[in-house]
Each structure stands twice: as structure tokens, then as C-alpha cells.
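Structure at a glance
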Amino acid sequence: MGSIPDPGELTQLEQPSFDEFQRQTSLMTSCTLLWKELSDHINSLEQNLMKQSETLKRKIETLDSETKASLDSLKKREVSIEDSVKIALRKVEFCTKAAMRTLAADDVEENPDGEVDDGDGLLQRLKSSCLKMEAKEFWNFVTGKKKEIDLLREKVPEALSECIDPARFVMEAISEVFPVDKRGNEGGSDLAWACVLILESLIPVVVDPVIGKSRMLVTPSMKQQAKDIAETWKKSLEERGGIENVKTPDVHTFLQHLVTFGIVKKEDLEFYRKLVVASAWRKQMPKLAVSLGLGDQMPDMIEELISKGQQLDAVHFTYEVGLVDKFPPAPLLKAYLRDAKKAAASILDDPNNTGRAGQLAARKEQSALRAVIKCIEEYKLEAEFPPENLKKRLEQLEKTKTEKRKPIIVPANKRTRANNGGPMPPAKAGRLTNAYVSSFPAPPPFVRSPSHTQYPAAVPGYPSPPPPAMYGSRSPPTNPYAYSPEAAPPPLAGPYPGAPMNYPAYGGYGNGLAPAYQQAYYR
């Protein structure tokens, strides 16, 4: 056992100082805080790991379900191949026999000029070209019927179903203008509308009859040819100066070509996005964007359209993808109208448009009003944005435009003589019993014809030159009022004191009075 220390030695031990005590207390507090921070960090890591584990679990479950769905779809596609091939073979056989019968009978040449009276005649003419696989004739007929585009949109799919190889037929038909316009400088009008119509009409024809749009009945060789056409268009785009310089109808044709033949590339999605935004005003662009796989990028595209002042186009995109809650349409339409008014005001302030500034500004505002009213009616937005005030403003602008177009009617000169086309004598006559005073300024001087009878020389106030002639009941000469090259006499201060005037030129009144309508006019 240890020895017990001597009490005297205990008094010699050093006592701990207060500073040392505070130092140790501070150290313990720091350790406690550090332990708490470490505990919180570990708990946070555990929670994150649990969340990530749950996320991975959900992703695995989703992947399993998608894999199962894909396997089921592949199995269904594999099973349906035989049925689809049988259907396609029967269709080819039927179309072949029909084409042979058509060629043999040659009964489709009853109207070679393409003049058809109704939808049935148009359909027969289209079917004739499709059965014989005459793509050039089909193309010429369609492009010549632009005024009947709605009827074409209805009948062309049915006619294309008669083709033995619809995909090949369509590519040959539009090859004159797509991917490159082969007409050169003699191209004339834009025919992209016909390309889009034919490509849209091909989709229901090449869709698999068993499993639908998930599989297009296009042979690998035709699909490769469609890809080559797309690459050719992209190269020609670079030669034309890029996306900014390409025409919107050409862009529409290219994108529709990709969707129709199912040759969309994921690596080109950014390129497709730029094309869609540049041509967003086209009515079909929102649906094309979704078909191209740009659905996930729609919010960013809508914001980009809004920033560019294309609020109306943004509304169409919003409704296509169901983002109405995120992008309310009414504020967008109001902002579009405000921008249109600002643009109209800038046109009025532009010194280069002095002559037509008012007309251009009114046209700009009218176009915006019509577009917004149509959008409100299309999407049933009357409760959020009543269109009554817009319609009143539109009517006001149209009324102003109509009034400006009215021709200015110049009133006929009542001082013009009806018989010989010459001017009337001076209107300032003495206010006597049978005279009247004109409110017009003094007329130019007239020279009396030598054949006229001169008034007596005793009449005062007319020493020289002779006064203007006054006609009585005798007929006037052929040209009694030829302008004189002599100097004009001074204006007369007083009335004519001569004999009363007669007006045979007004129908032979001969009573010295002007006609009633003349008296009323000058009264």
C-alpha cells in the first residue's frame, strides 16, 4: 500500500488557477459543439442515402415495368409481323390487279385536262395516277388544285392507299421541289404546301394496321432513301445561309418529312428545336415539335418565344403540351396587343413612312386584333379575356379605312354652260328686278363676239373697253367666250344698269330670270 502523504506536504501543492478552469470549460464546450455538428452531418448523410436508395428503388421498378412493356411490345410486334405482312401482300396484290385493269381499260382518260366537277371525280383522277404509279402526273394534278386544298386533304390519303409502294411514290412526287427545288430560277410559286399535304396524307397509309403508329410499313431501302434526302436538305440549308435565311414552308416540309418516315435523330434535337422556334408562327409547329421528341424542352421554348415578343405563338404551344397553369394565356395575349400598339406607334413616328404611316399602323393593329380574337374563340377564353372591346376597336379601324377609301365627289360647277361647254357670263349683275348677285370672285374677262349686238353707247360706266356681253333671246354663237389675249379690264364697282338679262342657255327661259335651282343656290 502507498504511504499516506504528510499533511505538511499537501500545503506545498499548487492550486489550479481560474484561467485554467475557464480554458478547460471552453474546450469541453467546443468538443460538445463539434460532436453535435458531426452527429447532424452523419444524420444528414443517412437521410440522403435513404432518399437516394428510395429513388433508385423507384427507378428500378420503373425500369422493370418499362422493360416488361417493351418486351411485351416486341413480342406483339413479332407476332403481328406475319399478320401485317399478309395484309400488306394482299394490298399489293389488289393494287397490282387494279392497276392492270386500269391500264387495260384506259378508262381514266375521259378528262385528261384534269377538270373535275366534284369530290368523286377528283378522287378518281388521283386514284388513277396512284394505281399507275405516275408520280409526275399526280404531282401536277395536286399542285393545280390549291383552291380545293380541303378536298385534297380529305381525298389524297384514300388515293395513296391504292399505290403499290406509297413511300416511294410520295418521294418521287415531291422530288421536283424537295429536298432541293429543281426548277431553278423558273421556279415560280412556292409549292411547299403540296409537299406538306402529301407527306401528311402518307402517314395513315403507312401505319401498321395491327399495332398502329409505333411501326411504319416503310421498307429499309425507302427509309434509307428518306434519310439521304434529309441529309441533302441539311447541306442545302448551309449553302442558303443557315436557319435564319431559310423559308418557313421549306422548314415545315423538312420536319414533316422526318415525322412521316420516322427518321428523327436524337443527336439532332437541338437543331430541330432551332428550326421550330424560328418557324413557330406556323400553325402545325406545336404538334410537329411534340412528334419530333421536343416535349421536354417545351417550357424553355415557350419562354424563348415570350422573350422574342411571340406571345401568340407561345399560347398555341402552351395548349399543345398542357402548360396553361404555368403560362396563363390571357396575360400573354394582352402583352401581345401592347407590343402591337407600340409597333404601330413606332410606324407613325418613322419619318421614312410619312405617306403611308397611318395605313401601315392601322393594318398592324388590325392584324393583331384579328389574331387575338381568333385565339380567344379557339380556346374558349371569353371569361378570362372578353373580346367585345377588341371587336369594337377592330370595327372602328375598319370603318376609318373604308371612309378613307371613298372617292371624293367634286360638286359640278354650276357656272358651266351645258350647251357649248363654255363658262357662263360674269355672275356679278346689278341687284335689279331681274338680276342676281354671285358669291364667287370676279371671273376672268371675256371678249364679246363681233356677231353680238352691242348695247347702246349711252349706257354709263363703260367708256372703254366694252362690257361683257349679255344675251337676250337670240341664240349664242358657236364660241362666244374665247379668252382674250388683251389685258383684263378693271373690276366693276357697281351693278349693271343695262337691260335685264335673259338666259337662253338654261333651256330658253327668255324671261330674264335665272333658273330656280340657280336662284336657290346663290340665295
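Residues numbered from 1 in each chain as written. Predicted model: local features only at pLDDT ≥ 70, side-chain atom pairs only at ≥ 80, totals over all residues. Heavy atoms only, no water.

**A closer look at the packing of helix H3 (residues 119-131) against helix H5 (residues 149-160)**
- It is the contact of H3 with H5, at a shortest axis distance of 9 Å, that shows an interaxial angle of 40°. In this view, H3 runs oblique relative to H5, as classed from their interaxial angle. Pair H3 / H5 crosses with right-handed handedness. Two secondary-structure elements touch here, H3 through Gly119, Leu122, Leu123, Leu126, Lys127 and Cys130 and H5 through Leu151, Leu152, Lys155, Val156, Glu158, Ala159 and Leu160.
- Per-class residue counts for the contact of H3 with H5 are nine nonpolar, one polar and three charged. (Axes fitted to C-alpha atoms, helices over the stretch in contact; angles between N-to-C directions. Helix = DSSP H or I, 4+ residues; strand = E, 2+ residues; numbered from the N terminus. Parallel < 35°, antiparallel > 145°, perpendicular 65-115°, else oblique. Left-handed = near helix turned anticlockwise from the far one by under 90°. Contact = heavy atoms within 4.5 Å. Nonpolar A, V, L, I, M, F, W, Y, C, P; charged D, E, K, R; others polar.)

**Some points on the pattern of salt bridges**
- Summed over the entire model, instances satisfying the criterion amount to 20 salt bridges.
- Put simply, Lys234 and Glu231 hold a salt bridge, and the shortest N to O gap is 3.9 Å. Here Lys234 pairs with Glu231, and both are found in helix H8 (residues 220-239), just three residues apart, close to one helical turn.
- The partly exposed category is assigned to Glu231, whose relative accessible area is 30%.
- Across the pair Arg370 and Glu398 runs a salt bridge, and its minimum N-O distance is 3.1 Å. Taken together, the residues Arg370 in helix H15 (residues 357-378) and Glu398 in helix H16 (residues 388-405) connect sequence positions 28 residues apart.
- One continuous salt-bridge network, built from bridges that share partners, spans Glu231, Lys234, Lys265 and Asp268. (Salt bridge = Lys/Arg side-chain N within 4 Å of Asp/Glu carboxyl O. Buried < 20%, exposed > 50% of the residue type's maximum accessible area, 1.4 Å probe, protein only.)

**With respect to the packing of aromatic side chains**
- Scanning all chains against the criterion turns up five aromatic pairs.
- Measuring from centroid to centroid gives 4.2 Å for Trp233 and Phe254, while their planes differ by 10°, and the two rings are stacked. Pair noted here: Trp233 is in helix H8 and Phe254 is in helix H9 (residues 248-261), with a separation of 21 residues, a long-range link. A single burial state applies to Trp233 and to Phe254, both of which are buried.
- For the pair Phe271 and Tyr272, a centre-to-centre distance of 6.1 Å together with 55° between the ring planes defines the contact as tilted. (Phe/Tyr/Trp six-rings, centres within 6.5 Å; stacked < 30°, edge-to-face > 60°.)

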